[in-house]
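# Descriptive analysis of the structure
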Amino acid sequence: MTVADYGGHVASDDSATARRLTVVDQALRLFAEKGYEATTVDEIAEAAGISRRTFFRQFKSKEDVVFADHESQLAQAREFLAASQGDPWDAVCEAVVAVFERFTQWRELAARRYRVVRQVPALREREIVTVFRYDRLFTDYLRQQLRGRSDLALVQFTAAVTATHNYLLRRMVRGESDASPADLRSALLAIPRDRPDQSAPDASDMIVAVFPRDMPPRQVADLLARRLDTLD
């Protein structure tokens, strides 16, 4: 299977991106078959139908070729956020959903990379750095769009967004689930957002309880639970 077979999406992108991903596809195939360390740049170039010189014009190293599609994903996410005019929280979620959707279209490539990365410590470290770059992109965007909001809330939100994406993606590439972009979108809606109207509880939603000082904590908890059940 070639990159052009992954849902037809890559074939509709610009030719330079398609050529790069063809090299990625062939490199990951060789890494899976022969091992990362045992595969040479010359073998990757030959399999992809390019010269060694062309390989190094496109990539700095074998390590770079493993994560080349992430560079494209990051660029597209950055462009999406720059053009977004809607709610910033929603924009970040939609950017992540778009990344996930492209990975579902390149599922075999994503699964092959997952298996290769798990076997090479240096690649696992590079993967951590790549995840951080997504986090930083989304956090910087929210900081620009939501000035004055709690910085901790922004960092927590973007960390939860990328963690949710990565959890569903890893389950998908391991063959443990068939999560769709719609599933990811639903999961992202459950992540709390720091909205002004949620900064403090409404007085009507507050309950004041008084208990004897010497009442055991377990008894307090049980009594509270029973009383709260009657308020539903």
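Attention here is on the structure that accompanies the text. (Residues numbered from 1 in each chain as written. Predicted model: local features only at pLDDT ≥ 70, side-chain atom pairs only at ≥ 80, totals over all residues. Heavy atoms only, no water.)

Quick look at the overall build of the protein now. Looking only at helices and strands, the protein features twelve helices and zero strands. Traced from its N-terminal end to its C-terminal end, the protein shows the element sequence α-α-α-α-α-α-α-α-α-α-α-α. The burial tally for the protein puts 41% of its 232 residues in the buried class. Considering only intrachain contacts with a sequence separation of at least 6, the fraction spanning at least 24 residues in the protein is 68%. A total of about 13400 Å² of accessible surface is found on the protein, and carbon and sulfur atoms cover 51% of it. (Helix = DSSP H or I, 4+ residues; strand = E, 2+ residues; numbered from the N terminus. Buried < 20%, exposed > 50% of the residue type's maximum accessible area, 1.4 Å probe, protein only. Contact = heavy atoms within 4.5 Å. Areas by Shrake-Rupley, 256 points an atom, 1.4 Å probe, with all protein chains shown as cover.)

Another point: the packing of aromatic side chains. If you walk through the whole model with that rule in mind, you get five aromatic pairs. With a centroid separation of 5.2 Å and an interplanar angle of 85 degrees, the aromatic rings of Phe55 and Phe56 are classed as edge-to-face. A relative accessible area of 38% means that Phe56 is categorised as partly exposed. Taking 5.3 Å as the distance between ring centres and 45 degrees as the angle between the ring planes, the aromatic pair formed by Phe55 and Phe59 counts as tilted. Residue classification places Phe55 among the buried residues on the basis of a relative accessible area of 0%. By way of ring pairs, the aromatic residues Phe55, Phe56 and Phe59 are connected into one cluster. Against the face of Tyr36 rests Lys62, its NZ or CZ located 4.6 Å from the ring centre. (Phe/Tyr/Trp six-rings, centres within 6.5 Å; stacked < 30°, edge-to-face > 60°. Lys NZ or Arg CZ within 6 Å of the ring centre and 35° of its normal.)

Take the environment of Ala163 next. Assignment of secondary structure puts Ala163 in helix H10 (residues 151–173). The exposure class of Ala163 is partly exposed, given its relative accessible area of 44%. C-alpha of Ala163 to C-alpha of Asp135: the two residues are 28 residues apart in sequence and 9.5 Å apart in space.

It is worth spelling out the nonpolar core at this point. In this structure, Phe31, Val65, Val66 and Phe138 are the most contacted members of the largest nonpolar core, which totals 56 residues. The biggest single contributor to this core is helix H7 (residues 88–105), with ten residues. With residues near it in sequence (within four places) discarded, Phe138 still touches Ala77, Leu81, Val92, Ala95, Val96, Thr158 and Thr162. (Core = buried A, V, L, I, M, F, W, Y, C linked by side-chain atoms within 4.5 Å.)

In this model helix H9 (residues 121–145) runs 37 Å from its N-terminal to its C-terminal C-alpha over 25 residues, within 8% of the 36 Å that 1.5 Å per residue would give. Here H9 has its buried residues at Leu123, Arg126, Glu127, Thr130, Tyr134, Asp135, Leu137, Phe138, Thr139, Tyr141 and Leu142. Those residues of H9 hidden inside the fold are in contact with helix H5 (62–66), helix H6 (68–83), H7, helix H8 (107–119) and H10. (Expected span 1.5 Å × (residues − 1).)

To continue, consider the pattern of salt bridges. Enumeration according to the criterion identifies 17 salt bridges in this entry. For Arg171, the salt bridge identified is with Glu176, shortest N-O distance 3.7 Å. Residue classification places Glu176 among the partly exposed residues on the basis of a relative accessible area of 43%. What emerges from the salt-bridge pattern is a single network uniting Asp25, Glu108 and Arg112. (Salt bridge = Lys/Arg side-chain N within 4 Å of Asp/Glu carboxyl O.)

Before going further, it helps to spend a moment on the packing of H8 against H10. The contact between H8 and H10 brings their axes to 9 Å, and the two run at 95 degrees. For the element pair H8 / H10, the angle class is roughly perpendicular. The residues of H10 that touch H8, namely those facing Arg107, Ala110, Ala111 and Tyr114, are Arg170, Met172 and Val173. The class makeup of the residues in the contact of H8 with H10 is five nonpolar, no polar and two charged. (Axes fitted to C-alpha atoms, helices over the stretch in contact; angles between N-to-C directions. Parallel < 35°, antiparallel > 145°, perpendicular 65-115°, else oblique. Nonpolar A, V, L, I, M, F, W, Y, C, P; charged D, E, K, R; others polar.)

Here we take up the environment of Val41. Topologically, Val41 is positioned in helix H3 (residues 41–48). Looking at Val41, the relative accessible area reads 12%, which means it is buried. For the pair formed by Val41 and Phe56, sequence separation is 15 residues and the distance between their alpha carbons is 9.0 Å.

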